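Spelled out, the chains give:
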Protein chains: 2
Amino acid sequence: MKAPLTFYFDFISPYAYLGWTQIHAIAARHGRTVLPIPILFAALLDAHGHKGPAEIPPKRVYIFKDVLRTAHQWKVPLGPPPAHPFNPLLALRVASLEMDPDAQKHVIDVLFRAVWGGDGPGVTDPTVVAELLSEEGLDGEGMVHAAQGETAKARVRKATEEALHAGVFGVPSVLADGELFWGCDAFPHVERRLEGADPVDAIDLGRWAALPAQSKRKAAQ
Amino acid sequence: MKAPLTFYFDFISPYAYLGWTQIHAIAARHGRTVLPIPILFAALLDAHGHKGPAEIPPKRVYIFKDVLRTAHQWKVPLGPPPAHPFNPLLALRVASLEMDPDAQKHVIDVLFRAVWGGDGPGVTDPTVVAELLSEEGLDGEGMVHAAQGETAKARVRKATEEALHAGVFGVPSVLADGELFWGCDAFPHVERRLEGADPVDAIDLGRWAALPAQSKRKAAQ
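Residues numbered from 1 in each chain as written. Chains lettered and ligands numbered in written order. Predicted model: local features only at pLDDT ≥ 70, side-chain atom pairs only at ≥ 80, totals over all residues. Heavy atoms only, no water.

The next point concerns the nonpolar core. Phe11 of chain A together with Phe11 of chain B are the most contacted members of the largest nonpolar core, which has 147 residues in total. Excluding anything up to four places from it in sequence, Phe11 of chain A contacts Phe86, Ala91, Leu92, Ala95, Ile108, Leu111, Phe112, Val115 and Trp116 of chain A. (Core = buried A, V, L, I, M, F, W, Y, C linked by side-chain atoms within 4.5 Å. Buried < 20%, exposed > 50% of the residue type's maximum accessible area, 1.4 Å probe, protein only. Contact = heavy atoms within 4.5 Å.)

What follows is the structure, given as structure tokens:
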């Protein structure tokens, strides 16, 4: 049994949505399954004192164009959510409830589509989220209720801390056979790793890891 | 005469190096020339209150692996510079001196190779930079002297300010027929634009531009 691909994501990221539409086919091509881990992207930014793309005005504009271009190329439906940024915690907690893998994939599909699939209602309102899931034959009310409990809250918090500890700094990130890959742009690298052809395996990274810093930003000004 | 591709770069970025090795072929395929604009990446980060990839420890490690993977894929030689980050201002100023396009391409080739080509001496020491250029039949001493003058300093400062004003937030960035593209990963999108097939042209971006923010980061915690 080969190891699954761990897929770290947050519904707030359109790249995570795009990645979610591709990762199952990548996994299937290599006889793998996908283990989705919902995490809070904002907590990664806080931990690293970093800004998200939506927090830098020219980057925010650019990112939307970039995801539209990639969505067009991959023939994936994409439209703006009702608001952005939004609070993704309810959706993350629903997606991380204990359930079988097929149900979890279904739930994540529904929630991602409600945000980025075009003209969806978003995932911030508990009543709306319950309805979305119920329309798909899932126990929407039960899931939303469970997601608001302490166990579900603790689960997302713990998953986010573990992701940080594992070196995750952005979403989507994929853990494939012990290596982390960041962003949809890295998916071709993920595939090479799954084929046993990751060039990094043959490179001595010691010199890169030991690179001395010759200047800090303040001094460079 | 079709418009050139403007290539914004800083020697500090291994992605800018990788991009430089590809952008001329992309331009040639579409009957374009390349207009290289050396800018100070650190000033973009300062302007946006942003951190560079080398300033986030797990991202720094990841980025080096990512560029090694892409360099392997593109068959581009890549090795660590003597130090990183380093102060790129001397090299930026040399690269931005007034000269004919072929000479400028040659100078930028030499300087990028000295940083990222593998076992190069870097570009922070004026004597070393003068020697590197002289070995290539260029007037190394004269260029380094000119680069240390006020005119050269002002030129890089002005180019960086103009890039910021144009919406550049990272390097490499390519301006192609009025649209900015960020990073080597966006080169396929650049090519589609040059073919007149940029999907963004057919999409109403108004709804994306007007997206309301429903939560700020502090509130999401």
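After that view of the structure, there is still more to cover.
This part takes up the relation of the copies chain A and chain B. The transform that puts chain A on chain B rotates by 180° and translates by 0.0 Å along the axis, for an RMSD of 0.0 Å. Both copies of the chain, as the preceding transformation shows, are related through a two-fold rotation axis. Counting the interface residues of chain A, we find that 100% of their copies in chain B are interface residues as well, pointing to one common contact surface. (Least-squares fit on C-alpha atoms with pLDDT ≥ 70 in both.)

Before going further, it helps to spend a moment on the packing of aromatic side chains. Overall, the coordinates contain 24 aromatic pairs over all chains when judged by the stated rule. Between Trp208 of chain A and Trp116 of chain B the ring centres are 6.3 Å apart and the planes differ by 10°, which places this aromatic pair in the stacked class. Remark: Trp116 of chain B occurs in helix 5 (residues 101-116) and Trp208 of chain A occurs in helix 10 (residues 206-209); the pair is interchain, linking two chains. Trp208 of chain A sits in the buried class, given a relative accessible area of 4%. Pairwise contacts between aromatic rings join Phe7, Phe9, Phe11, Tyr17, Trp20 and Phe112 of chain A into one cluster. (Phe/Tyr/Trp six-rings, centres within 6.5 Å; stacked < 30°, edge-to-face > 60°. Helix = DSSP H or I, 4+ residues; strand = E, 2+ residues; numbered from the N terminus.)

Next up on the list: helix 9 (residues 187-194) of chain A. Of all 8 residues in helix 9 of chain A, 6 are buried, a share of seventy percent or more. Here helix 9 of chain A has its buried residues at Phe187, His189, Val190, Glu191, Arg193 and Leu194 of chain A. The inward-facing, buried residues of helix 9 of chain A abut strand 1 (5-9), helix 1 (14-29), strand 3 (173-176) and strand 4 (179-182) of chain A together with helix 3 (57-74) of chain B. In the stretch just after helix 9 of chain A, Gly196 of chain A is the one whose phi turns positive, near 75°.

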